[in-house]
Amino acid sequence: MDTGTYTIACECPECGGRVEFARAPLNGEVVRCAECAVELEVTSTQPLSVVLAPEVEEDWGE
Amino acid sequence: MSVRCSIIGASGYTGGELIRLLLDHPLAEVAQVTSRRQVGAFVHTSHPNLRGRTKLQFVSPDQVEKCDVLFLCLPHGEASRSIEKYAGLAERVVDLSADFRLRDAAAYRRWYAEDHAASAWLDRFVYGLPELQRERLRGARLASGVGCNATAVNLALLPLARAGLIRSAVADLKVGSSEAGAEPSATSHHPEKSGTVRTFAPAGHRHQAEVAQELGAFELHMSVTSVELVRGVLCTAHVFPTRAMTEKEVWSLYREAYRGEPFVRIVKDKSGIHRYPEPKILGGTNWCDVGFEVDEATGRIVVISAIDNLMKGAAGSAVQCMNLMCGFEERAGLGFAGLHPY
């Protein structure tokens, strides 16, 4: 967990990118990684922890 | 201070794109544009999108006066046969043809099946892809253009190649019909071409030489197929790496390589409609979008890149080169974000 002066951030478990929170995260909150667009669910705020949120997949014609 | 630019061979598609870009460039003005067959005609007769944007008329190449930057958009072999003359006309020259892309005359002979007409000039040109040669392009006097298909492959593979992680790669390219230029032929006749998926270079495409030159030695295979697009290149590169890599490692490599690049974006989204690079949304832009996926079962890394062949693969990169050569902001004149939907 990285708590910069103004920004709370953590690493995206999907792509390793930096996921930033403009305000204090909430347990159960779903956010999106700005780099890979994956949905992440906040599972803990102290320490900050996120996991991949379950998502509905399209079959893309398969 | 702005620069006066002229374009030799401006009635073709890349010439038209150059005029469009330079007319909107904050630090450039278009002085003269040439066409042997269109002498006296207004530019909009060849490039109807420019009607009302300029009253320029084509002049003969023999009428070109000295200028600051000269762009050469000539058929293969013509720039090399007249380079002494053209280099005397301008402080800086950007040649969009394939004549000065390769540094090695023997490689040129091997790939183009003829001796180079001005091989002493090969070393004087800098390969015109800023992502590869940015520092050499700053202040350079002579720059080559880039092959559109080479650009799609170069930018797809650059991070892995620089890290020495490619054992071999197979690049399969799907390309638009404007790659063939503005001259019609029997193969481009509408009843013959429409609806086709035509593999025209299963092996031996000349742009492969540019990739080998710029990215170094690894086993590379390229196949090129023309599809139902006017503009665009989609490269699907199957990379067999020297060691197994996780997707996060590839993310880290590409993020690091392209952080700060003004015209390369990583497109690999877990949601949304366009999850991987898509040439359709890049029309008219100088973007190269790059995405990837690791097949963890086999170790293969699939890297996907997309460009507009007439822009990042030709005129856009040429203007980006001019910006570096002249000390301008690299994005100048290249800010168009594209159209959506289109």
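Our structure is the block above this text.
Residues numbered from 1 in each chain as written. Chains lettered and ligands numbered in written order. Predicted model: local features only at pLDDT ≥ 70, side-chain atom pairs only at ≥ 80, totals over all residues. Heavy atoms only, no water.

**Q** Whenever I open this one, the sheet that holds strand β13 (residues 301–307) of chain B confuses me. Can you help?
**A** Backbone hydrogen bonds are what pair the strands of a sheet, in a parallel or an antiparallel way. Residue and element names in this part refer to chain B. Spatial ordering of the open sheet is given by β8-β9-β7-β10-β13-β12-β11, a layout of seven strands whose pairing is mixed. The open sheet is flanked by β8 (198–201) and β11 (264–266), the only strands paired with a single partner. Taking each pair of neighbouring strands and ignoring which way they run, the sheet shows an average axis angle of 25°. Relative to strand β9 (residues 219–226), β8 is paired through three bridges, and the arrangement is antiparallel. (Pairing = 2+ DSSP bridges. Helix = DSSP H or I, 4+ residues; strand = E, 2+ residues; numbered from the N terminus. Axes fitted to C-alpha atoms, helices over the stretch in contact; angles between N-to-C directions.)

**Q** Sorry if this is basic, but what is going on with the side chain of Glu330(B) here?
**A** All names here are of chain B. With respect to the secondary-structure elements, Glu330 resides in the segment after α11 (311–326). Within polar-contact distance, the side chain of Glu330 engages the side chain of Arg134 at 2.8 Å. Not counting the four nearest positions on each side in its chain, Glu330 is found in contact with Pro130, Arg134, Pro262, Phe263, Gln320, Asn323 and Leu324. (Polar contact = N/O pair within 3.5 Å; in protein donor to acceptor, adjacent residues only side chain to side chain. Contact = heavy atoms within 4.5 Å.)

**Q** Is there a simple way to explain the interface of chain B and chain A in this structure?
**A** Size of an interface: often given as the accessible area lost when the parts come together. The partner chain A presents 15 residues to the 11 residues of chain B that form the contact. Both faces combined, the contact of chain B with chain A buries some 1100 Å², and carbon together with sulfur accounts for 40% of it. Considering only the side of chain B, the residues that lose the most area to chain A are Lys248(B), Arg255(B) and Lys270(B), jointly responsible for 50% of the buried surface there. For Lys248(B), the salt bridge identified is with Glu11(A), shortest N-O distance 3.3 Å. Inspection of the region where chain B meets chain A yields six residue pairs in polar contact (both at pLDDT 80 or more). (Buried area = accessible area lost by both parts, 1.4 Å probe. Salt bridge = Lys/Arg side-chain N within 4 Å of Asp/Glu carboxyl O.)

**Q** What is the right way to read the pattern of salt bridges from this model?
**A** Two side chains bearing opposite charge may form a pair once their charged atoms approach each other closely. Residue and element names in this part refer to chain B. Taken as a whole and assessed by the stated rule, the structure comprises 27 salt bridges over all chains. A salt bridge links Arg243 to Glu249; the shortest N-O distance between them is 3.1 Å. Under the relative-accessibility criterion, Arg243 is labelled partly exposed at 41%. One salt bridge connects Lys268 with Glu247, and the closest N-O pair in it is separated by 3.0 Å. Separated by 21 residues along the polypeptide, Lys268 in the loop between β11 and β12 (288–294) and Glu247 in helix α10 (residues 247–258) bring together distant segments of the chain. The burial state of Lys268 is the same as that of Glu247; both residues are buried. A cluster of three or more residues bridged by salt bridges with shared partners is formed by Glu17, Arg20, Arg231 and Asp308. (Buried < 20%, exposed > 50% of the residue type's maximum accessible area, 1.4 Å probe, protein only.)

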